[in-house]
Amino acid sequence: MRIGPLGIYELLILLSSAVIPTALFWQTFRKAGLPTTLSLLTLIPPFGLVPLLILTFAEWPRSRGA
């Protein structure tokens, strides 16, 4: 079955390659105590590395001595 130019399997791969990283970043931002909506930046190609940079330089709860 074709959905536009993509088949059903290609569409599932495309959706999972967007949803899985976003969900992983969502949980990581939640555990870091940062706004979880920042994980939506992974869906915008030019800003895909911004969440990694934020997590790299953010102060994590464990490093605060909690």
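Our subject is the structure that appears above.
Being a predicted model, the structure only gives us computed values, none of them experimental.

Calculation criteria
Residues numbered from 1 in each chain as written. Predicted model: local features only at pLDDT ≥ 70, side-chain atom pairs only at ≥ 80, totals over all residues. Heavy atoms only, no water. Helix = DSSP H or I, 4+ residues; strand = E, 2+ residues; numbered from the N terminus. Contact = heavy atoms within 4.5 Å. Axes fitted to C-alpha atoms, helices over the stretch in contact; angles between N-to-C directions. Parallel < 35°, antiparallel > 145°, perpendicular 65-115°, else oblique. Left-handed = near helix turned anticlockwise from the far one by under 90°. Nonpolar A, V, L, I, M, F, W, Y, C, P; charged D, E, K, R; others polar.

Along the polypeptide, Ile-54 turns up in helix α2 (residues 50–57). Sequence separation of Ile-54 and Phe-29 is 25 residues, and the distance between their C-alpha atoms is 9.4 Å. Not counting residues up to four positions away in its chain, the partners in contact with Ile-54 are Phe-29, Leu-34 and Leu-38.

For the pair helix α1 (residues 8–32) and α2, the least separation of the axes is 11 Å and the interaxial angle reads 25°. Between α1 and α2, the interaxial angle falls into the category roughly parallel. For the crossing formed where α1 meets α2, the hand is left-handed. Across the interface between the two elements, Phe-25, Thr-28, Phe-29 and Ala-32 from α1 touch Pro-51, Leu-52, Ile-54 and Leu-55 from α2. When its residues are assigned to classes, the contact of α1 with α2 shows seven nonpolar, one polar and no charged.

By themselves, these figures tell us nothing about what the structure is for.
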